[in-house]
Amino acid sequence: MVFRKLPGVSASGMGLRLSQKFVFLLFLSGLVTLCFGALFFLPDSVRLKRIFLSKTESQPVTVGSENDVREHLKKGAKDPEHLRGITSAKGETSTKLKALSRKPSVINEAKTDKKNAGGETLEEVMPSRSKTESASKDEKVTSSSNQGANTDTSFDYNKFKKCLLKPPLGIEHGKPSDPQTLQRREKVKEMMKFAWDNYKSFAWGKNELRPLTRNGHIGNMFGGLRGASIVDSLDTLYIMGLMDEYNDAKEWVETSLDLNSNGEASLFEVNIRYVGGLLSAYYLTGDEMFKRKVMVLGEKLLPAFNTPTGIPRGVINLGSGTSWSWGWASAGSSILAEFGTLHLEFVHLSELSNNGIYTEKVMNIRKLLNKIEKPHGLYPNFLSPVSGNWVQHHVSIGGLGDSFYEYLIKSYLMSDKTDEEAKKMYYSALEAIEANLVQKSPGGLTYMAEWRGGILDHKMGHLACFSGGMVVIGADDGAPEKRQHYLDLAAEITHTCHESYTTKLGPEAFRFDGGAEATATRLSDRYYILRPEVIESYMYMWRLTHDPKYREWGWEAVEALEQHCRVEAGFSGIRDVYAQTVSHDNMQQSFFLSETLKYLYLLFSDDDLLPLEDWVFNTEAHPLPVVRKKREKTTELFL
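So, how was this worked out
Residues numbered from 1 in each chain as written. Predicted model: local features only at pLDDT ≥ 70, side-chain atom pairs only at ≥ 80, totals over all residues. Heavy atoms only, no water. UniProt positions renumbered as here; feature names shortened; annotations may be inferred. Helix = DSSP H or I, 4+ residues; strand = E, 2+ residues; numbered from the N terminus. Buried < 20%, exposed > 50% of the residue type's maximum accessible area, 1.4 Å probe, protein only. Contact = heavy atoms within 4.5 Å. Areas by Shrake-Rupley, 256 points an atom, 1.4 Å probe, with all protein chains shown as cover. Polar contact = N/O pair within 3.5 Å; in protein donor to acceptor, adjacent residues only side chain to side chain. 1 Å grid on protein atoms, 1.4 Å probe; cavity = no way out; pocket = protein on both sides within 12 Å on 5 of 7 lines; lining within 4 Å. Points joined across faces, edges and corners; volume = space filled by probe spheres on them. Nonpolar A, V, L, I, M, F, W, Y, C, P; charged D, E, K, R; others polar. Pairing = 2+ DSSP bridges. Axes fitted to C-alpha atoms, helices over the stretch in contact; angles between N-to-C directions. Left-handed = near helix turned anticlockwise from the far one by under 90°. Expected span 1.5 Å × (residues − 1). pLDDT = per-residue confidence, 0-100. Disulfide = S-S within 2.5 Å. Parallel < 35°, antiparallel > 145°, perpendicular 65-115°, else oblique. Phe/Tyr/Trp six-rings, centres within 6.5 Å; stacked < 30°, edge-to-face > 60°. Lys NZ or Arg CZ within 6 Å of the ring centre and 35° of its normal.

The protein has the name alpha-1,2-Mannosidase in an unreviewed UniProt entry, where Salmo trutta is given as its organism. The protein has a UniProt comment under Sequence similarities (unreviewed entry) that states "Belongs to the glycosyl hydrolase 47 family." We quote the UniProt Subcellular location (unreviewed entry) comment for the protein here in full: "Endomembrane system".

This is how it looks when you write it as structure tokens:
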């Protein structure tokens, strides 16, 4: 090829100029590359990377060793649906797992806490406070999970108050006009003060009280968090008007609740007790300290969702963020009652933080559950967080499954009846339960059997006795022609659970085969650990029917608690509800203060104390407000 020579330009000069241009372009290209590359090394590089990286890039899954939860397994643990504390002849509570029942017994002493010394970059979650108020060390969280998200936390508490239809504590704190009912309510209040005072005297700052030995119990369910009884009691003390006790609890939370624990926690238990307790304390009182605490804790739970499906694993290290499944759960499964009992609290975490990540996490769970096939319309208890498939076809309305169903109807109610998806899921599930699990005994008792791949096990757990209350609160919102049917079903289930209480208090599980009628036929099922589920149904049945028998049944429970569970330094569960001589298990569960006594107090109060139009109770009985964006009718200001 022949190049035409340009006029006035020598060949050598033209070559030199081309070389200079080439070097300049090379230099410019390198400079541009260097500038763009530097963006990825800036301190706030995550936000900039999102400009260039795919939004669908998934986070790695971190799974801890299941050996870390071996201590949960003892004799009998091979039967995984038994997720409850069982007391041994030696007086020690054994672990058949407690994490998977709604309110499990807490047992083994916790391992020594490890403080987070990782040196991560931390930042405040909440807006800066006044100069005279310094942020506590636990109100620091890693910044990575919130980068790129809207974390404006300017929740307007006054606006929230205006959206309530009635004063939370009623006109006169729900004081009943009937002298006998008032006397009974005062007795429940005295029981709460007695339980609290002994906890404060002998177990202050620990998770629970051992009333016989008069010392504290830490347990291994809360990942190094302390003060479970304090956080669980905040709202109970407040609504009962025990203000000195409430202020002591509030001060401990503000000064001593250390959220920088580095231990292995049950996602479920931390959520329902700590997150639920702090949320309700904030909504009832407006104290910003509770909001700051709960937002820090909520952020620490998010890494549990870092799985291929978004279904969270059951155990999380609150310090490192690593998570894994319970060692006894089939094939590394997550448990229906655990990952299905997050919705109420997580929606409120989004409300307070103005960060939709929490709602996104729980809605993703729903999305998966709606997509996969359900045998006979039922939801089995074990689901793989990796494949998103059921692992076993075991269905229970008691332990392992219970509060999943409860949170469906309560999600609908808490949404101000706008969450149509939750409503549809609940009534479809209830239809499948009635078709496959609801049974009638030869003696005429209605009960919820368990389902194992098509084979019925004719037993009902104490945990399943919450379902009477669940069915009645949803009676008005199903098909109009089925309203009376739901009221009747709720009454029948509650009656069956009352029948199981005929000897002292009710057992952990009771059967309807071999001639048994609501009776525990196995020694291992005869214990009672101060559980609230039967009393919970009494409270809801009273609120929605005002049949006086429910208050009478509640008073029977009060008398039985006083006679059989009250000891010199608190209240204790018992090992055998049928034994002539009472044997105590030496444990005052935190849920006794949060649930059992609160439900009894509400049972003997007027309906305007925490009215159901405005409040929904989480599965630990912590009241959370209906999410209502505007005021529906004119009321006087309160709070």
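Okay, back to it.
Here we look at the overall build of the protein
Scanning the protein for helices and strands turns up 18 helices and 23 strands. A total of 639 residues make up the protein; the buried ones form 58% of that total. Within the protein, contacts between residues separated by at least 24 positions form 71% of all contacts whose residues are at least 6 apart in sequence. Split by element, the accessible area of the protein, about 26,400 Å² in all, is 54% carbon and sulfur.

Here we look at the UniProt feature "binding site: Ca(2+)" (unreviewed entry) in the protein
Per the UniProt entry, the sites bearing "binding site: Ca(2+)" (unreviewed entry) are T619 in this numbering. Note on placement: T619 falls in the loop between β22 (615-617) and β23 (623-625). Owing to a relative accessible area of 0%, T619 belongs among the buried residues under this scheme. Separated by 3.0 Å, the side chains of T619 and E406 make a polar contact.

Topic: the UniProt feature "active site" (unreviewed entry) in the protein
In the UniProt entry, the feature "active site" (unreviewed entry) is given for E269, D402, E508 and E533. Looking at the element boundaries, E269 is found in helix α7 (residues 267-285). Along the chain, the position of E533 falls in helix α16 (residues 533-545). Among the residues examined, E533 registers a relative accessible area of 0% and is labelled buried. Only 3.2 Å separates the side chain of E533 from the side chain of H462, close enough to count as a polar contact.

A few points about the layout of surface pockets
Size it by volume and the second largest pocket reaches roughly 550 Å³. The wall of the second largest pocket is formed by 26 residues, among which L413, K417, L544, L612 and E613 lie closest to the centre. Taken together, the residues of the lining of the second largest pocket break down into 14 nonpolar, no polar and 12 charged.

Observations concerning the sheet that holds strand β12 (residues 390-392)
Across the sheet, which stays open at both edges, the three strands sit in the order β10-β11-β12 with antiparallel pairing between neighbours. Every other strand in the sheet has two partners, leaving β10 (334-335) and β12 as the edge strands with one partner each. In terms of strand pairing, β10 meets strand β11 (residues 382-383) through two bridges, oriented antiparallel. The residue of β11 that forms the bridge with I335 is F382.

Re the packing of helix α15 (residues 483-499) against α16
Between α15 and α16, whose axes approach to 10 Å, the crossing angle comes to 145 degrees. Regarding α15 and α16, the two cross each other, and that crossing is left-handed. Between α15 and α16, the contacting residues are L487, A490, A491, T494, C497 and H498 on the first element and V534, S537, Y538 and M541 on the second. For the contact of α15 with α16, the per-class residue count stands at seven nonpolar, three polar and no charged.

Quick word on helix α4 (residues 179-203)
Across its 25 residues, α4 extends 35 Å between first and last C-alpha, which sits within 8% of the 36 Å expected from 1.5 Å per residue. Within α4, the full set of buried residues consists of T181, R184, R185, V188, M191, M192, F194, A195, W196, N198, Y199 and A203. G205 lies just past α4 and shows a positive phi near 85 degrees.

Some points on unusual backbone geometry
Here K417, not a glycine, exhibits a phi torsion of approximately 60 degrees, which is positive. For K417, the position within the fold is in the loop between α12 (402-414) and α13 (420-436). Note on K417: relative accessible area 39%, which makes it partly exposed. Phi is positive for L610, which is not a glycine, with a value near 55 degrees. Overall, the relative accessible area of 0% leaves L610 in the buried class.

Regarding the confidence of the model for the protein
One rule of thumb: low pLDDT means the predicted coordinates there are not for detailed reading. Residue-level pLDDT values for the protein average 82, and 74% of them are 70 or greater. For residues 1-18, every residue scores under 50 in pLDDT, and the model assigns this stretch two contacts once sequence neighbours within four places are set aside. In the model, residues 633-639 has pLDDT below 50 throughout and makes 16 contacts with residues more than four positions away in sequence or in other chains.

Overview of the sheet that holds strand β17 (residues 455-457)
With respect to topology, three strands assemble into an open sheet ordered β13-β16-β17, the strand pairing being antiparallel. Of all the strands in the sheet, the pair left with one neighbour each is β13 (394-395) and β17. In this structure, β13 lies alongside strand β16 (residues 450-452), joined through two bridges in antiparallel fashion. Opposite V395, over in β16, you have W451 as the bridge partner.

What about empty space enclosed by the protein?
By the definition in use, this model includes three cavities of 30 Å³ or more. Taken as a whole, the largest cavity encloses approximately 110 Å³ of empty space. Around the largest cavity, the lining comprises 13 residues; the ones closest to its centre are G340, H343, R366, F404 and L408. Contributing elements (two or more residues each) for the lining of the largest cavity: α11 (357-371) and α12. For the lining of the largest cavity, a count of residues per class yields nine nonpolar, three polar and one charged.

Details of the state of the cysteines
Across all of its chains, the model carries one disulfide by this definition. The disulfide partner of C465 is C497, and the gap between their sulfur atoms is 2.0 Å. With the S-S dihedral at roughly -95 degrees, the linkage between C465 and C497 falls on the left-handed side. With a gap of 32 residues between them, C465 in the loop between β18 (459-461) and α14 (467-473) and C497 in helix α15 connect regions that are remote in the sequence. The burial state of C465 is the same as that of C497; both residues are buried.

Description of the packing of helix α10 (residues 343-353) against α11
Put simply, α10 and α11 touch, their axes get as near as 7 Å, and they point 150 degrees apart. Taken together, the axes of α10 and α11 lie roughly antiparallel to each other. In this structure, α10 crosses over α11, and the sense of that crossing is left-handed. Together, H343, F346, V347, L349, S350 and S353 of α10 and I357, Y358, T359, V362, M363 and R366 of α11 make up the contact between the two elements. Among the residues making up the contact of α10 with α11, the classes are represented as seven nonpolar, four polar and one charged.

Looking at the packing of aromatic side chains
Within this structure, the stated rule accounts for 31 aromatic pairs. Taking the centre distance of 5.5 Å and the plane angle of 65 degrees together, the rings of F222 and Y274 count as edge-to-face. Of this pair, F222 sits in the loop between β6 (215-217) and α5 (228-240) while Y274 sits in helix α7, and the two are 52 residues apart along the sequence. Considered together, F222 and Y274 belong to a single accessibility category, that of buried residues. Linked through ring pairs, F155, Y157, F160, Y282 and Y283 together constitute an aromatic cluster. For R566, the ring lying beneath its charged end belongs to F194, and the centroid distance is 3.8 Å.

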